[in-house]
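A look at the structure
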Amino acid sequence: MMAIKDKYLIERRYITNRIARSGGRINKVLFLVSHETANNVADADAHFRYFNNVTFQTSAHSFVDHKKILEIIPLNEKAWHVQYQVPTDNVLFGDDANDAAIGIELCRTGDFNEAYDRYVWYHAYLCRTFGLKPREHIVSHEALDPRRRSDPESWLNPNGITWNRFILDVVKYYDNWEEETETEVSPAPEEEVQAEEIVWYLSRGNTGQDVRELQQKLNALGYSLAVDGSFGPATERAVRDFQRDQGLAVDGSYGPATQRALQNAKPKSSSSGSGSTGGTVWYLSRGDTGQEVRELQQKLNALGYSLAVDGSFGPATERAVRAFQRDQGLAVDGSYGPATQRALQNAKPSSGFNLPNTDYWVKSPQFSGAGVREVQEALASLNFYPDRGAPNNGIDGYYGPKTADAVRRFQLIHMGADEADGNYGPKTKRAMEREL
Ligand SMILES: [Zn+2]
């Protein structure tokens, strides 16, 4: 016997594709929108892969199939699951679904009853979590956009479930949330038994509580990191350093082997001076003076942050430190501590390319101009030509399909398949600057 609320586990594995996952925040979850995928062959994991690579703005938070409940977008972030121009969500709930609702998709694969029970339970779970009432705060996609959509009834009805029956089933779980289940719970599938100790796969671009915990663990071992819950360049460097120190394969991402090593690792000896922090860490900030400040200024200068080397940590030095931290994806506080020191030790001098701080993707009319040309020149210098052999190797200042393809090839090699969307933005800029 177990309580209803413990009946299922929720797997949280977030996509990193910033087209499907903008990172925009939901201020308050006001309602739930129920969907079905209308796809007969793709299960929850297949939808994860799809939305991690999709090149247009569409997504939902959660996918439920006969084996799992999978959240692919954190529930405090927006997903794109209902057209903005439909009026019903605003009329009913005072806001657009994409800005204030969780989108839940029912997959068609596998045993319907197994998937349906999870779908019902998960709606009850969300109502409990966000203080919503099943009868008032759950709406079907069809109800919001009846001219274009018929889900989830399009999959519930053929399986003998009406919308009202679905809501009643959610109410039943919701009302008995703390109760023991009357009937014997079917044995959990193998995956869920093994999931007792969940292995999180984390890499560049992931955010959230799991990243925060990883950063705290690395910190406890002496890899100085800002604990900001965002897996950026500094976290990746710390993971790489940890992997190197442990003799693991160094890939900068967090998987089972790194997790095991992290659980068994002991803090680095602070007196040995070994390891990657390279000895004494100086904490420097506005008002400090002396030889350490002078050396900091020299290092920043070597990286192209033009500074007078006067040994005095004044406004100009603080500005340069802030600019450096921003460029490196570090927490920007304008003072010099362990994370900034580590980044400074690994930073390469400026390449001479002035890559733009903007987003480019293929659209009509195309993005064009000096910024696009700079991206193309930088790609070409890395041997990713927009159109090798064509006049000027295709460097024409227009962000068209060939330039997008060069970006995609660069991303595939240097950022991984999950990032290879052919769109240029801050992450790709940083990755290019690392290689230039
Ligand atoms: Zn839908």
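Residues numbered from 1 in each chain as written. Predicted model: local features only at pLDDT ≥ 70, side-chain atom pairs only at ≥ 80, totals over all residues. Heavy atoms only, no water.

Moving on, we come to the overall build of the chain. In terms of regular secondary structure, the chain is built from 18 helices and six strands. Principal-axis analysis of the C-alpha atoms gives the chain an extent of 75 × 60 × 40 Å. Taking all contacts inside the chain whose residues are at least 6 apart in sequence as the whole, residues at least 24 apart take part in 63%. Approximately 21,000 Å² of the chain is accessible, and the part contributed by carbon and sulfur atoms is 48%. In the chain, which carries 49 positive and 58 negative side-chain charges, the distance between the mean positions of the two groups comes to 6 Å. (Helix = DSSP H or I, 4+ residues; strand = E, 2+ residues; numbered from the N terminus. Contact = heavy atoms within 4.5 Å. Areas by Shrake-Rupley, 256 points an atom, 1.4 Å probe, with all protein chains shown as cover. Lys, Arg positive; Asp, Glu negative; His and termini not counted. Charge placed at Lys NZ, Arg CZ, Asp CG, Glu CD.)

For soluble globular proteins, the rule of thumb is that nonpolar side chains tend to be buried together. The biggest cluster of nonpolar side chains holds 36 residues, and the ones touching the most others in it are L32, I104, W121, Y122, L126, I138 and F166. For this core, the elements supplying multiple residues, two or more each, are strand 5 (101-106), helix 4 (112-130), helix 7 (153-156) and helix 8 (163-175). Here the element with the most residues in this core is helix 4; it accounts for eleven residues. Contact partners of I138, with chain neighbours within four places excluded, come to L32, S34, H123, C127, K133, W163, F166, I167 and V170. By size, the runner-up hydrophobic cluster in this structure holds 33 residues, among which are L225, A320, Y336 and A347. (Core = buried A, V, L, I, M, F, W, Y, C linked by side-chain atoms within 4.5 Å. Buried < 20%, exposed > 50% of the residue type's maximum accessible area, 1.4 Å probe, protein only.)

Across the chain, the average pLDDT comes to 85, with 90% of residues at or above 70. Note that pLDDT drops below 50 for residues 184-199; the model gives that stretch 18 contacts with residues more than four away or on any other chain. Below a pLDDT of 50 lies the segment residues 269-280, which in the model reaches 15 contacts outside its immediate sequence neighbourhood of four places, other chains included. (pLDDT = per-residue confidence, 0-100.)

Pairing is mixed in the open sheet, where six strands are placed in the order 1-4-3-5-2-6. Both outer strands of the open sheet, strand 1 (10-12) and strand 6 (138-140), are each paired with one neighbouring strand and no more. The mean inter-strand angle of the sheet, taken between neighbouring strand axes irrespective of direction, is 25°. Along the sheet, helix 4 makes contact with strand 1, strand 2 (31-36), strand 3 (62-64), strand 4 (69-71), strand 5 and strand 6, crossing strand 5 at roughly 170°. (Pairing = 2+ DSSP bridges. Axes fitted to C-alpha atoms, helices over the stretch in contact; angles between N-to-C directions.)

Residues annotated by UniProt as "domain: N-acetylmuramoyl-L-alanine amidase" (unreviewed entry) correspond here to residues 17-153. Taken end to end, residues 17-153 is 35% helix and 15% strand, and its first and last C-alpha atoms sit 29 Å apart. (UniProt positions renumbered as here; feature names shortened; annotations may be inferred.)

Domain annotation of the chain identifies domain 1 (4-194), domain 2 (209-264), domain 3 (291-346) and domain 4 (370-435). Centre-to-centre separation of domain 2 and domain 4, based on C-alpha positions: 29 Å. (Domains from an automatic or database assignment.)

With an omega of 5°, the peptide bond running from D151 to P152 counts as cis. For P152, the location among the structural elements is in the loop between helix 6 (141-144) and helix 7. The backbone phi angle of N383 is positive, close to 75°, even though this residue is not glycine. As for its placement among the helices and strands, N383 is situated in the loop between helix 16 (370-381) and helix 17 (401-414). Its identity as a non-glycine residue notwithstanding, N392 has a phi of 55°, on the positive side. With respect to the helices and strands, N392 occurs in the loop between helix 16 and helix 17.

Now for the pattern of salt bridges. According to the stated counting rule, one finds 25 salt bridges in the structure shown. Put simply, K5 and D6 hold a salt bridge, and the shortest N to O gap is 3.8 Å. For K5, a relative accessible area of 32% corresponds to the partly exposed category. When the shortest N-O distance is used, the salt bridge between D241 and R244 registers 3.0 Å. Placement of the pair is D241 and R244 together in helix 11 (residues 233-246), with a separation of three residues, close to one helical turn. Judged by its relative accessible area of 49%, R244 is partly exposed. Members of the salt-bridge network, linked through shared partners, are E11, R13, D45 and K68. (Salt bridge = Lys/Arg side-chain N within 4 Å of Asp/Glu carboxyl O.)

Turning our eyes to something else, we now look at the side chain of Q215. Within the fold, Q215 resides in helix 10 (residues 209-220). Taking the relative accessible area as the measure of exposure, Q215 reaches 0% and is therefore buried. In terms of polar contacts, Q215 uses its side chain to reach the backbone carbonyl oxygen of S230, at 3.2 Å. When near neighbours in sequence (up to four residues on either side) are disregarded, Q215 contacts L225, A226, V227, D228, G229, S230 and T235. (Polar contact = N/O pair within 3.5 Å; in protein donor to acceptor, adjacent residues only side chain to side chain.)

This paragraph deals with empty space enclosed by the protein. Under the counting rule described, the total for this entry stands at two cavities of 30 Å³ or more. Taken as a whole, the largest cavity spans an internal volume of roughly 100 Å³. Along its surface, the largest cavity is lined by 14 residues, and R18, Q411, D418, E419 and D421 are the ones closest to its centre. Those elements giving two or more residues to the lining of the largest cavity turn out to be helix 1 (44-53) and helix 18 (426-435). Here the lining of the largest cavity is composed, by residue class, of two nonpolar, seven polar and five charged. (1 Å grid on protein atoms, 1.4 Å probe; cavity = no way out; pocket = protein on both sides within 12 Å on 5 of 7 lines; lining within 4 Å. Points joined across faces, edges and corners; volume = space filled by probe spheres on them. Nonpolar A, V, L, I, M, F, W, Y, C, P; charged D, E, K, R; others polar.)

All right, on to helix 11 then. Because an α-helix packs 3.6 residues into every turn, residues spaced three or four apart end up facing the same way. The end-to-end C-alpha separation of helix 11 is 20 Å, in line with the 20 Å expected for 14 residues at 1.5 Å each. Counting buried residues in helix 11 gives ten out of 14 residues, a clear majority hidden from the surface. (Expected span 1.5 Å × (residues − 1).)

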